[in-house]
Amino acid sequence: MKQFKKAIALLLLCVTCLSVIACGKSTKPANYADGVYSGRSSDFQEDESGNGAGYGEVTIEIQNNRIVSCTFKMYELDGTLKDETYGADLSKENRLKAQKAVQSAEKYAEMLVNAGALDGVDAISGATISCKEFREAVEQALKKAEIAE
């Protein structure tokens, strides 16, 4: 019974701490300056199958504190654009994966504009590396656009 009371007390302490932490978070949205901003993800070396090495670059336009346009391009580590020829030298299965990643670039950019925020961008199955690169590049661009208060 004594241990049960200790467990309940510990549980209540944890709930209280989490409540304080959650209440302390700012829910105020960021304020962005109008303009065009770019961001670049860090280099991704490759997955366990040796695929996907490269990085992503995003360009976003902000007007009236809203993202009104976005482009996302992916590059190989040597700077070569990943386009419709990306993965042509790979096996059929890996070529299809490579092209799915390339096709996801436009979809991620479109999701961002439609949602207005990164939390509205869902990873596309088979293109999760691209999603990570996209998110990182957008975060970098948004940091450049943020107005300090």
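In what follows, the structure referred to is the one given above.
From a predicted model like this one, the values you see are computed outputs, not experimental measurements.

**Here's the deal with the pairing of strand β3 (residues 66-75)**
Now for step 1: Direction of pairing for strand β2 (residues 55-63) relative to β3: antiparallel, over a ladder of 9 bridges. Note that in β3 the partner of Glu61 across the bridge is Ser69.
Now for step 2: Linking β2 to β3, which pair antiparallel, is a turn of 2 residues; within it Asn64 sits at a positive phi near 50°.

**Brief notes about the packing of helix α2 (residues 92-115) against helix α3 (residues 128-145)**
Now for step 1: Where α2 meets α3, the closest approach of the two axes is 10 Å, and the angle between their N-to-C directions is 40°. The angle between α2 and α3 places the two elements in the oblique class. As α2 packs across α3, the resulting crossing turns out to be right-handed. Residues Ala101, Ser104, Tyr108, Ala109 and Leu112 of α2 pack against Ser130, Cys131, Phe134 and Val138 of α3.
Now for step 2: Of the residues in the contact of α2 with α3, the class split is 7 nonpolar, 2 polar and no charged.

**Some words on the layout of surface pockets**
Now for step 1: One number sums up the size of the second largest pocket: a volume of about 200 Å³.
Now for step 2: Around the second largest pocket, the lining residues are Tyr32, Asn65, Arg66, Ile67, Gly116, Ala117, Leu118, Asp119, Glu139 and Leu142.
Now for step 3: Listing elements by their share of the lining of the second largest pocket, those giving two or more residues are β3 and α3.

**Observations concerning the side chain of Glu133**
Now for step 1: Here Glu133 is to be found in helix α3.
Now for step 2: Buried within the structure, Glu133 lacks any salt-bridge partner; its nearest side chain of opposite charge belongs to Lys82, at an N-O separation of 5.0 Å.
Now for step 3: When neighbours within four sequence positions are excluded, Glu133 is seen to be in contact with Ser41, Phe44, Gly52, Gly54, Tyr55, Gly56, Phe72 and Met74.

**Digging into α3**
Now for step 1: Helix length check: α3 (18 residues) gives 26 Å between terminal C-alpha atoms against 26 Å at 1.5 Å per residue, within 8%.
Now for step 2: Those residues of α3 not exposed but buried are Ser130, Cys131, Glu133, Phe134, Ala137, Val138, Ala141, Leu142 and Ala145. Burial along α3 is one-sided: seen end-on, the buried residues are contained in an arc of 160°. With respect to the buried face of α3, the exposed residues turned more than 90 degrees away are Lys132 and Lys143.

**Some thoughts on the pattern of salt bridges**
Now for step 1: Across all of its chains, the model carries 3 salt bridges by this definition.
Now for step 2: Close ionic contact of Asp43 with Arg40 constitutes a salt bridge, the shortest N to O distance being 3.1 Å.
Now for step 3: Residue class for Asp43 comes out partly exposed when judged on its relative accessible area of 41%.
Now for step 4: Classification of Arg40 as partly exposed rests on a relative accessible area of 31%.
Now for step 5: Glu93 is paired through a salt bridge with Lys97; the nearest N and O atoms lie 3.7 Å apart. Taken together, the residues Glu93 and Lys97, both in helix α2 and 4 residues apart, mark about one turn of the helix.
Now for step 6: Classification of Lys97 as partly exposed rests on a relative accessible area of 43%.
Now for step 7: When salt bridges with common partners are traced through the structure, they connect Arg40, Asp43 and Glu57 into a single cluster.

Thresholds applied
- Residues numbered from 1 in each chain as written.
- Predicted model: local features only at pLDDT ≥ 70, side-chain atom pairs only at ≥ 80, totals over all residues.
- Heavy atoms only, no water.
- Pairing = 2+ DSSP bridges.
- Helix = DSSP H or I, 4+ residues; strand = E, 2+ residues; numbered from the N terminus.
- Axes fitted to C-alpha atoms, helices over the stretch in contact; angles between N-to-C directions.
- Parallel < 35°, antiparallel > 145°, perpendicular 65-115°, else oblique.
- Left-handed = near helix turned anticlockwise from the far one by under 90°.
- Contact = heavy atoms within 4.5 Å.
- Nonpolar A, V, L, I, M, F, W, Y, C, P; charged D, E, K, R; others polar.
- 1 Å grid on protein atoms, 1.4 Å probe; cavity = no way out; pocket = protein on both sides within 12 Å on 5 of 7 lines; lining within 4 Å.
- Points joined across faces, edges and corners; volume = space filled by probe spheres on them.
- Buried < 20%, exposed > 50% of the residue type's maximum accessible area, 1.4 Å probe, protein only.
- Lys, Arg positive; Asp, Glu negative; His and termini not counted.
- Salt bridge = Lys/Arg side-chain N within 4 Å of Asp/Glu carboxyl O.
- Expected span 1.5 Å × (residues − 1).
- Arc of directions from axis to C-beta.

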